[in-house]
Amino acid sequence: MALLIRNGEIVTVGSRVQADVYAENETVTTIGKNLVVPPGTEIVDATGKLIFPGFIDPHVHIYLPFMATYAKDTHETASIAALIGGTTTYIEMCCPNRNDDALAGYQLWKSKASGNSACDYAFHMSVTKFVRETESQLREIVADGTSSFKIFLAYKNFFGVDDGEMYQTLALAGRLGVIVTAHCENAELVARLQEQLVAEGKTEPEWHEPSRPESVEAEGTGRFATFLENTGAAGYVVHLSCEKALNAALAAKQRGVRLSVEVVLPHLLLDKSFAERPGIEGMKYVMSPPLRAKYNNETLWSALALGFVDTVGTDHCPFDTDQKLLGKDSFVNIPNGIPGIEDRVNLLYTIGKRKRIGLDRFVDFASTRAAKLFGLFPRKGTIAVGSDADLVVFDTNYRGTVSVKTQHVNNDYNGFEGMTIEGRPSLVTVRGKVQARDGKFVGERGRGRFLKREPKHF
Ligand code: URP
Ligand code: ZN
Ligand code: ZN
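Residues numbered from 1 in each chain as written. Chains lettered and ligands numbered in written order. Predicted model: local features only at pLDDT ≥ 70, side-chain atom pairs only at ≥ 80, totals over all residues. Heavy atoms only, no water.

This part takes up the coordination of the zinc ion (ligand 2). Ligation of the zinc ion (ligand 2) by protein atoms is provided by H183 (ND1) and H239 (NE2), these donors lying 2.1 Å from the ion. Around the zinc ion (ligand 2), the four donor atoms are arranged such that angles at the metal cover 57 to 150°; this shape is classified as irregular. For H239, a relative accessible area of 3% translates into the label buried. (Donors = N, O, S within 2.8 Å, 3.2 Å for Na, K, Ca; no water. Tetrahedral: all angles 85-135°; square planar, octahedral: opposite > 155°, others 65-115°. Buried < 20%, exposed > 50% of the residue type's maximum accessible area, 1.4 Å probe, protein only.)

Structural data, given as structure tokens:
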């Protein structure tokens, strides 16, 4: 059915305009004032509301075998939560481990999502080893429409690659025009520091941060950048958490390295005091890189405001309290991760407004920039004739509180519990179909499509 969203303020990067948006056959076909539309068109009045392009979360984990368990969401639960929060596209990390076959892993991840996601999705393909068949398998995966890779410099012997494997991955990516995303921590140092802390009897969750200090992340970030510099590939640091790592990334950008930077919601809004809470309360906040000393929050927000940071993702990765308790005897065994897919947009809008970050930056770091970096623009990430009709009608008068009691993510806690939000989506569409209204899913489960993307980083 055709859709008309009438009289909202359309916000895209570089433009704010009061107009109607008309969508037919899944795409935006007309933008203008007082549009006359065919009978039978579904009409939504957006007077007094903002209309954003569907938001994009460039870093989520849904199906994830990790640390002796599996992340809690399914593609159905995560995508419904995403849509209620205004995210209409997510890019999931496809993460077979070192012992798995990469191509079989890719097919497995695709089969998990296919027919189960309510919003559109793509994958970053993790390269967790580089062996004889890796190049031909990666070429096949790129030809299938997955044009971004992921490497982990952390998680030794599981997801982690060594420097030789990183070099081979980046060299191939450079030839294929593929961007490589990277988790930047020094795996060897983390393993040694964990060993040392545990030997000293320091096993509570508060010791997770000292086992992966800022210098360990800065080293990983700098090393990744140096490898990019010497291979010519384009790279993207995921979940950068602190000033030291930011300085390493900015120094690389300054000398012309093709490097983009992502921060994630927890590192903007939370700090290490959360993980220092005793017992299970602290375990809920164990993630990698860890929550940092509080001053880093402001550093990351400033970098975001200035455009030094490109995107904000979530690293959505829900483990419930029973799973977190796998690490009750040692922080080393606490499954790393925290959910966020449902709350990212509302919290970024709310806190961004308090910090006087303009809507132009907001829409860029929460949607447009990810679309541009990952080969989705202008299909996604903007509102323009010919773009997919992924639209978020946003009610800036809504007032509410984040809570586990109202969340749709499949988890028994919310790391952002009690935070207030000043605005939320009143209507969310995926390719012209209304999928969420006022905090409720009202759409078609399984509507989401796998998004094929061309390499573009030549
Ligand atoms: O703690 C985290 N970040 N868990 C998910 C895996 C990863 O490193 O992104
Ligand atoms: Zn990571
Ligand atoms: Zn992640």
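Having seen the model, we can carry on.
This model, assessed by the stated rule, comprises 36 salt bridges. Among the salt bridges present, the one from E76 reaches R445, with a minimum N-O distance of 2.8 Å. With E76 in helix α1 (residues 75-84) and R445 in the segment after β19 (440-441), the pair connects residues that are 369 residues apart, well separated along the chain. The partner of E229 in a salt bridge is R255, and the shortest N-O contact between them spans 2.8 Å. With E229 in helix α7 (residues 214-231) and R255 in the loop between α8 (243-254) and β14 (259-264), this residue pair connects regions lying 26 residues apart in the sequence. (Salt bridge = Lys/Arg side-chain N within 4 Å of Asp/Glu carboxyl O. Helix = DSSP H or I, 4+ residues; strand = E, 2+ residues; numbered from the N terminus.)

It is worth spelling out the site of ligand 1 at this point. The environment of ligand 1 is formed by H59, H61, Y155, H183, H239, M287, S288, D315, C317, N336 and G337. Taking Y155, its side chain carries an N or O atom lying 2.7 Å from an oxygen atom of ligand 1. Between an oxygen atom of ligand 1 and a main-chain N or O atom of S288, the distance comes to 2.8 Å. Coverage of ligand 1 by the protein chains reaches 99% of its 260 Å² of free accessible surface. Across the shell around ligand 1, the residue classes break down as three nonpolar, seven polar and one charged. (Near = heavy atom within 4 Å. Polar contact = N/O pair within 3.5 Å; in protein donor to acceptor, adjacent residues only side chain to side chain. Areas by Shrake-Rupley, 256 points an atom, 1.4 Å probe, with all protein chains shown as cover. Nonpolar A, V, L, I, M, F, W, Y, C, P; charged D, E, K, R; others polar.)

Let us look at the coordination of the zinc ion (ligand 3). In the first shell of the zinc ion (ligand 3), the protein supplies H59 (NE2), H61 (NE2) and D315 (OD), at 2.0 to 2.1 Å from the metal. In this structure, the zinc ion (ligand 3) is coordinated by four donor atoms arranged in irregular fashion, with angles at the metal of 86 to 140°. Here the zinc ion (ligand 3) and the zinc ion (ligand 2) are spaced 3.7 Å apart. H61 gets classed as buried once you look at its relative accessible area, which sits at 6%.

With that out of the way, let us pick up the packing of aromatic side chains. Ring pairs (aromatic) are described by centroid distance and by the angle formed between their planes. Following the criterion strictly, the structure yields 23 aromatic pairs and no others. Arranged with centres 6.3 Å apart and planes meeting at 35°, the rings of F66 and F158 form a pair that is tilted. Taken together, the positions of F66 in strand β7 (residues 65-66) and F158 in the loop between β11 (148-152) and α4 (163-176) put the pair 92 residues apart, joining distant regions of the chain. Judged by its relative accessible area of 5%, F66 is buried. Aromatic pair F152 and Y155: ring centres 5.7 Å apart, planes at 55°, arrangement tilted. (Phe/Tyr/Trp six-rings, centres within 6.5 Å; stacked < 30°, edge-to-face > 60°.)

This brings us to the state of the cysteines. Counted according to the given criterion, the structure contains zero disulfides. The thiol of C242 is not disulfide-bonded; the next cysteine sulfur, from C184, is found 11 Å away. C317 carries a free sulfur, and the closest cysteine sulfur to it, the one in C95, is 8.8 Å from it. A relative accessible area of 2% means that C317 is categorised as buried. (Disulfide = S-S within 2.5 Å.)

What follows covers the packing of helix α14 (residues 344-354) against helix α15 (residues 359-373). The N-to-C vectors of α14 and α15 enclose an angle of 155°; their axes lie 11 Å apart at closest approach. One finds that α14 runs roughly antiparallel with respect to α15. Taken as a pair, α14 and α15 cross one another with a handedness that is right-handed. On the side of α14, the interface is formed by R344, V345, L348 and Y349, while α15 contributes L359, F362, F365 and A366. In terms of residue class, the contact of α14 with α15 is built from seven nonpolar, no polar and one charged. (Axes fitted to C-alpha atoms, helices over the stretch in contact; angles between N-to-C directions. Parallel < 35°, antiparallel > 145°, perpendicular 65-115°, else oblique. Left-handed = near helix turned anticlockwise from the far one by under 90°. Contact = heavy atoms within 4.5 Å.)

With parallel pairing, the eight strands of this open sheet are ordered in space as β6-β9-β10-β11-β12-β13-β14-β15. The outermost strands of the open sheet, each flanked by one partner alone, are β6 (55-60) and β15 (311-313). Across this sheet, the average inter-strand angle for adjacent strands is 30°, counted without regard to direction. Two strands pair when backbone bridges link them, and strand β9 (residues 87-94) and strand β10 (residues 120-126) are joined in this way by six bridges, in the parallel orientation. Along β10, the bridge assignment pairs Y90 with Y121. (Pairing = 2+ DSSP bridges.)

Among the nonpolar cores identified, the biggest contains 123 residues, and F52, F149, F224, L269 and F362 are the most heavily contacted of them. Here this core takes eight residues from α15, the largest share from any one element. Discounting chain neighbours no more than four positions away, the residues touching L269 are N297, W301, L347, I351, F416 and M419. (Core = buried A, V, L, I, M, F, W, Y, C linked by side-chain atoms within 4.5 Å.)

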